[in-house]
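Okay, here's what each chain looks like letter by letter:
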Amino acid sequence: MQGFRSPRYLQRFVSVFSAVRNLFAPPRSRRSAHATYLYRLNAMAQWKVAANAAA
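Residues numbered from 1 in each chain as written. Predicted model: local features only at pLDDT ≥ 70, side-chain atom pairs only at ≥ 80, totals over all residues. Heavy atoms only, no water.

## Topic: the overall build of the chain
Under the convention used in this document: The numbering of helices and of strands both runs from the N terminus, where a helix is a DSSP run of H or I of at least 4 residues and a strand a run of E of at least 2. Each radius of gyration reported is based on C-alpha atoms, and the globular scaling rule is 2.2 Å times the count of residues to the power 0.38. Each residue is placed in one exposure class: buried if its accessible area under a 1.4 Å probe, protein chains only, is under 20% of its type's maximum, exposed if it is over 50%, and partly exposed if it falls in between. Every accessible area reported is derived by Shrake-Rupley at a probe size of 1.4 Å, with residue values counting cover from the shown protein chains alone.
What the chain contains, in helices and strands, is 2 helices and 0 strands. The C-alpha radius of gyration of the chain comes to 15 Å, more than 25% above the 10 Å expected for a compact globule of 55 residues. Taken over the C-alpha atoms alone, the chain extends approximately 40 × 30 × 15 Å along its principal axes. A buried classification covers 7% of the 55 residues belonging to the chain. Carbon together with sulfur atoms contributes 59% to the accessible area of the chain, which is approximately 4,900 Å² in total.

## Looking at a positive patch on the surface
Put simply, the test is: Patch rule: a residue counts if its relative accessible area is over 30% and it has no salt bridge; like charges are joined within 9 Å, and nonpolar side chains (Val, Leu, Ile, Met, Phe, Trp, Tyr) within 5 Å. Any carboxyl oxygen of Asp or Glu within 4 Å of a side-chain nitrogen of Lys or Arg constitutes a salt bridge here. Charged-residue counts in this description rest on Lys and Arg as positive and Asp and Glu as negative, His and the chain ends being excluded. A charge is said to be at NZ when it belongs to Lys, at CZ for Arg, at CG for Asp and at CD for Glu.
Side chains of Arg21, Arg28, Arg31 and Arg40 sit close together on the surface and give a patch of like positive charge. Arg31 gets classed as exposed once you look at its relative accessible area, which sits at 67%.

## Observations regarding the environment of Val14
Mapped onto the secondary structure, Val14 falls in helix α1 (residues 7-24). The partly exposed category is assigned to Val14, whose relative accessible area is 38%. As a C-alpha pair, Val14 and Ala53 span 39 residues in sequence and 23 Å in three-dimensional space.

## A few points about the packing of aromatic side chains
Cut-off, in case you're wondering: The rule is short: rings of Phe, Tyr and Trp, with Trp giving its six-membered ring, pair when the centres are within 6.5 Å, and they are stacked under 30 degrees, edge-to-face over 60, tilted in between.
What the rule picks out here adds up to 3 aromatic pairs. Aromatic side chains Phe13 and Phe17 sit 5.6 Å apart centroid to centroid with 20 degrees between the ring planes, which places their arrangement in the stacked category. Of the two residues, Phe13 and Phe17 both sit in helix α1, 4 residues apart, roughly one turn of that helix. The class for Phe13 is partly exposed, based on a relative accessible area of 42%. Measuring from ring centre to ring centre gives 6.1 Å for Phe24 and Trp47, while their planes differ by 55 degrees; the resulting arrangement is tilted. Here the residue Phe24 occupies a position in helix α1, and Trp47 occupies one in helix α2 (residues 33-54), the gap between them amounting to 23 residues. On the basis of relative accessible area, Trp47 is assigned to the partly exposed category, the value being 39%. Cluster of aromatic residues (ring-pair linked, three or more members): Phe4, Phe13 and Phe17.

These values are about where atoms sit, not about what they do.
Quick look at the structure:
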C-alpha cells in the first residue's frame, strides 16, 4: 500500500490500472520486438478512439 492512504484508494487504482495494462501488454505468444511494436500501435489507436468517445 505504498503511497495509498487507504485500501479503498488502492483498490480503485488497481482496478483501472489492470484494465489499461491488459490493453497494452501483448499476449505471451507474441515474442518478437516487431510484433510487440505492432500490437502496441494498435492498442494506442484503440485507446485514442476510446478517449475521444468518452470526451
